[in-house]
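Chains, contacts and geometry: an overview
Chain residues, written in single-letter form:
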Amino acid sequence: MKRAQISKSVDGSTRLCGTLLRDSSGCLTFAFAMLLNAKSSLRAAPFLLTLVLLAISSIRFQDVGAQTTRPTLISNADSTRAIAFESVTRQREPFNTTVQLKFGADSATRIMLFAMNLQLQPGETASAVTADAEDATHTIYPLTVEHIDSVPDQPWALSLVVRLPSNLADVGDVLVRIKYGGVQSNRVRVGIGHVGDGLPDDTGAVPTPGLIAPGPPTGAAATNLNPTDVQTILQQAASAATALGKPVNIVVTDREANALGFFAMPGAPATTTVRSVGTLGQGLEGGVVPAALAATAKAATAAFFSTTGNAFTTRTAGFIIQEHFPPGISFRAGGPLYGVQFSSLPCGDIKIPSARLGLSGDPGGLPIYKNGLPAGGIGIEGDGLYTVDRVPTDDDQPFEELIAASGIRGFEAPPLIRGDNILVDGIRLPFSNVSNPPAPSTTASIAGATISFGPGGVPPDSEFVPQVVGGIAGEVSPRFFPFIAGAGPNALTASDVNTIISHAAQQANITRAAIRQPLGSNARVTIAVVDTAGVVLGVFRQQDAPVFGYDVAVQKARTAAFFSSANAASSLQAAGFGSYVAHANADGLRFDGAFAFSDRAIGFLHRPFFPDGINDTAAGPFSTAIADWSPFNVGLQLDLVKTNFLASLGGPVASCTAIPGLTNGIQIFPGSVPLYKNGVLVGAIGISGDGVDQDDLIAAAGANGFSPPAGIRSDQIFVRGVRLPFVKFPRSPNL
Ligand SMILES: [Ca+2]
Ligand SMILES: [Ca+2]
């Protein structure tokens, strides 16, 4: 398949992107996307439409004769949502059934849709085309096609104006199709009254006009790097290291942590010591681990965190996992991703391959971009210390970071999306303290380096394949798709899981991302649903959602399901964690199923200060006391997985924990809620991606209809006089 990109910009807030696709039969099809700032949509719509058509005009289409092919209603490129405008104001969905300003004989709303592969015969009028819409209750509403017009200079495209019937109320999404000459079109999604709800997409539905009947899903590659690129990166890094006189371990991974390149320079340290501020000997403090694994973790971390909309490094990661955010500033809450270092673990069952040591905050891991697109990461380890930067203000330039920056010359992240162009709560994130490293004067040998590609230089397959869920284009792993039902009576059905994930995806699609450029982009997240036993019932990853969220979303869901269950305290006790249960009991917490705990609540109980960030308070019941605390000695989260995590460094193990259902460990930053049916716990939903308050909002939207009774939510509980949280939403969350 051949692709070409068309991209035009109307102004700072409006973009149009198009993709030309030529399928195996040689047919040209076209898909386009609009990213509109809501405030500008009204004034931009006519320009946008013009641009859409201008963009399409470069395509040469065959003349269409009598209707023999299926008409196609045009959707957004990344979802099955129709390109649709209110016909007078040009406003986008959701559409009210009646208009505020009456222009015609009645006040019915007319919406404009666009179609291709549709050609009326001479003398035919709009009445030759019929249309209908189906809502979530399977009620079918006939829509009157009032007007069909050609689009100037676009003989292949038609605009259709349809009138909404008066009995169509605030039903949310409907699936709309047209019919002509006995042939019906694909169905596209239109929000009536509000966006969301509605039926699942039709089987095989894809964003249009693409391939209406796609072939079997084909795995995309996990990178666009080739062996020559990897060789170049290894050589540039090794040359810089040689110039500095610092032999190091150099690892290049693709976006999903498959190792593409490895070079242990002669004399490079074989091990590195985990060390930060915690008490030596506690947690992982003082542990000695293979340096190659540390380098891999650093490369994987940068790759996992980086997308087309944000580029993060291990320095960024180290900044968002400490006891205060920003690090070192008293009376500030913990980092927004507090605890993420213990995800994508080698003992887990979700992210395979793992990040080898979990995610890393040790500077010297940078993302790799090729032609502006995320392609993987580089990790450098060679100073014998695996740590996090405790002093963000001193502009230190460790040689691991310098060598990493040298290695990726020519493969840098676009400046706009670098972490240091992204602000969280008004705080600028760090990216790298090394910019524009000089080219070394000599080229070092990389004899003995390993470069791993398939025969003919084929890169590793992605674990993910394209899938549309709830009208939103994304990806799934065949391991967790199709969605399945939970076990036991009253359990979530596969249809429930589809509904929950669809609602979450639809919310994400309209939620403003926290850490994604350009500003005004919607959140891209991974959505996971588990049952009460922690069994994964479904995982859906929006297009370009950061890969770290794949493991984390499941961890978050499992955490909410576990701590809301009747046997949470007894399971912890049985697994040898009775001291944490005792701490919780002392705070009046039972974990016996009487209350519904979100991950925000569990995380709040798992901070070295209680309440979170308030210095000179005692630790939360699940946390290490601050005197002993470090990012490598956090408390229950690490203790649960420590034994099997360390064992997994030497080979495979069955699970990260001894507790059934916590196979990949727990997570302790926000983004999950437990799910209930008829007041009975049935599982949980976990979200991870573009901002933790966004994750909470998207989780809550997915849980709508499956929420716990308000009286048992964790925000009904006071600990030491402080109300626990349940969920927290961003202010003005939607686009
Ligand atoms: Ca290091
Ligand atoms: Ca520093």
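Scroll up to find the structure this text is about.
The structure reproduced in this document is the subject of the present report. Nothing here was measured: the structure is a model prediction, and the numbers come from that model.

Details of the overall build of the chain
Assigned secondary structure in the chain consists of twelve helices and 30 strands. Scored against the burial criterion, the 735 residues of the chain give a buried share of 54%.

Overview of helix 9 (residues 578-586)
Among the residues making up helix 9, those that are buried are Tyr580, Val581 and Ala584. The buried residues of helix 9 all sit within an arc of 100° when viewed along its axis, so they share a single face. What points out from helix 9, more than 90 degrees from its buried face, is the exposed set Ala582 and Ala586. One or two steps after helix 9, the chain reaches Gly588, where phi turns positive at roughly 85°.

What about the sheet that holds strand 16 (residues 288-290)?
Judged by pairing direction, the sheet is mixed, and its three strands sit side by side in the order 16-15-19 without closing on themselves. Looking at which strands have only one partner, the edges of the open sheet turn out to be strand 16 and strand 19 (385-386). Here two bridges tie strand 15 (residues 271-274) to strand 19, and the two strands are oriented parallel to one another. When the sheet's bridge partners are listed, Thr273 is paired in strand 19 with Leu385. Contacts between helix 3 (residues 291-305) and the sheet are confined to strand 15, strand 16 and strand 19, with strand 16 contributing the most and set at about 75° to the helix.

A closer look at the nonpolar core
By size, the foremost hydrophobic cluster in this structure holds 159 residues, and its most contacted members are Ala237, Ile378, Ile501, Ala504, Ile527, Ala557 and Ile685. Here this core gathers at least three residues from each of two domains, domain 2 (227-321 + 361-457) and domain 3 (465-723). Leaving out residues up to four positions away in the same chain, Ile527 has contacts with Ile501, Ala504, Ala505, Val539, Phe540, Ala553, Ile685, Ile687 and Gly702. Core analysis: the next-biggest nonpolar cluster, separate from the first, contains 37 residues, Phe114, Trp156, Leu168 and Val176 among them.

Some thoughts on the sheet that holds strand 13 (residues 249-253)
Strand order in this open sheet of five strands is 17-18-13-14-22, and the pairing throughout is antiparallel. Only two strands of the sheet have a single neighbouring strand rather than two, namely strand 17 (365-370) and strand 22 (450-451). Relative to strand 22, strand 14 (residues 259-264) is paired through two bridges, and the arrangement is antiparallel. Directly across from Phe262, in strand 22, lies its bridge partner Thr450.

Digging into unusual backbone geometry
Each neighbour pair has its own omega, and for Glu93 with Pro94 the value is 0°, a cis peptide bond. When you line up the elements, Pro94 lands in the loop between strand 5 (85-86) and strand 6 (110-116). A cis amide bond links Gln517 to the next residue, Pro518, at an omega of -5°. Tracing the backbone shows Pro518 in the loop between helix 6 (494-510) and strand 25 (526-531). Positioned with a positive phi, Asp197 is a non-glycine residue whose angle comes to about 60°.

Notes on the environment of Ala625
Secondary-structure assignment places Ala625 in the loop between helix 10 (599-604) and helix 11 (636-648). Overall, the presence of 11 C-beta atoms within 10 Å leaves Ala625 in the exposed class. Between the alpha carbons of Ala625 and Pro608 there is a distance of 5.6 Å; along the sequence they are 17 residues apart. Excluding residues that lie within four positions of it along the chain, Ala625 makes contacts with Pro608 and Ala619.

Side note on the pairing of strand 23 (residues 465-469)
Bridge analysis of strand 23 against strand 24 (residues 472-476) gives five bridges, and the strand direction is antiparallel. Bridged to Pro466 within strand 24 is Glu475. Between the antiparallel neighbours strand 23 and strand 24 lie two residues, among them Gly470 with a positive phi of about 60°.

A look at the packing of helix 2 (residues 227-244) against helix 5 (residues 399-407)
Packed helix pairs are characterised by how far apart their axes lie and by the angle those axes make with each other. Two elements in contact, helix 2 and helix 5, have axes whose closest approach is 7 Å; the angle formed by their N-to-C orientations is 140°. As judged from the angle between their axes, helix 2 and helix 5 are oblique. Of the two elements, helix 2 crosses helix 5, and the hand of that crossing is right-handed. Only Phe399, Leu402, Ile403, Ala404, Ser406 and Gly407 of helix 5 make contact with helix 2, whose side of the interface consists of Ile233, Gln236, Ala237, Ala240, Ala241 and Leu244. Split into classes, the residues belonging to the contact of helix 2 with helix 5 amount to nine nonpolar, three polar and no charged.

Points about the pairing of strand 28 (residues 680-688)
Judged by how many residues are buried, strand 28 sits mostly within the fold: eight of nine residues are covered. Taken together, the six bridges between strand 25 and strand 28 define a ladder with antiparallel strand orientation. Bridging from a neighbouring strand, Ile527 pairs with Ile687 of strand 28. As paired elements, strand 27 (residues 672-677) and strand 28 share six bridges and run antiparallel to each other. Opposite Leu675, over in strand 28, you have Gly683 as the bridge partner.

Here we look at helix 11
Between its first and last C-alpha, helix 11 extends 19 Å over 13 residues, near the 18 Å set by a 1.5 Å rise per residue. Maximal helix bending in helix 11 amounts to about 50°, located at Lys642. All of the buried residues along helix 11 are Leu636, Gln637, Leu638, Asp639, Leu640, Val641, Asn644, Phe645 and Ser648. For helix 11, the secondary structure elements touched by its buried residues are helix 9.

Details of the packing of helix 6 against helix 12 (residues 692-703)
Taken N-terminus to C-terminus, the directions of helix 6 and helix 12 make an angle of 140°; their axes are 7 Å apart at the nearest point. Relative to helix 12, the element helix 6 is oriented oblique. The interaxial crossing formed by helix 6 with helix 12 has right-handed handedness. Residues Ile500, Ile501, His503, Ala504, Gln507 and Ala508 of helix 6 form the contact with helix 12, whose participating residues are Leu697, Ile698, Ala699, Ala701, Gly702 and Ala703. Of the residues that constitute the contact of helix 6 with helix 12, the class distribution is nine nonpolar, three polar and no charged.

Basis of the calculations
- Residues numbered from 1 in each chain as written.
- Chains lettered and ligands numbered in written order.
- Predicted model: local features only at pLDDT ≥ 70, side-chain atom pairs only at ≥ 80, totals over all residues.
- Helix = DSSP H or I, 4+ residues; strand = E, 2+ residues; numbered from the N terminus.
- Buried ≥ 20, exposed ≤ 12 C-beta atoms within 10 Å, placed from the backbone.
- Arc of directions from axis to C-beta.
- Pairing = 2+ DSSP bridges.
- Contact = placed C-beta atoms within 7 Å.
- Axes fitted to C-alpha atoms, helices over the stretch in contact; angles between N-to-C directions.
- Core = buried A, V, L, I, M, F, W, Y, C linked by C-beta atoms within 7 Å.
- Domains from an automatic or database assignment.
- Parallel < 35°, antiparallel > 145°, perpendicular 65-115°, else oblique.
- Left-handed = near helix turned anticlockwise from the far one by under 90°.
- Nonpolar A, V, L, I, M, F, W, Y, C, P; charged D, E, K, R; others polar.
- Expected span 1.5 Å × (residues − 1).
- Bend = angle between axes of the 7 residues up to and from the residue.

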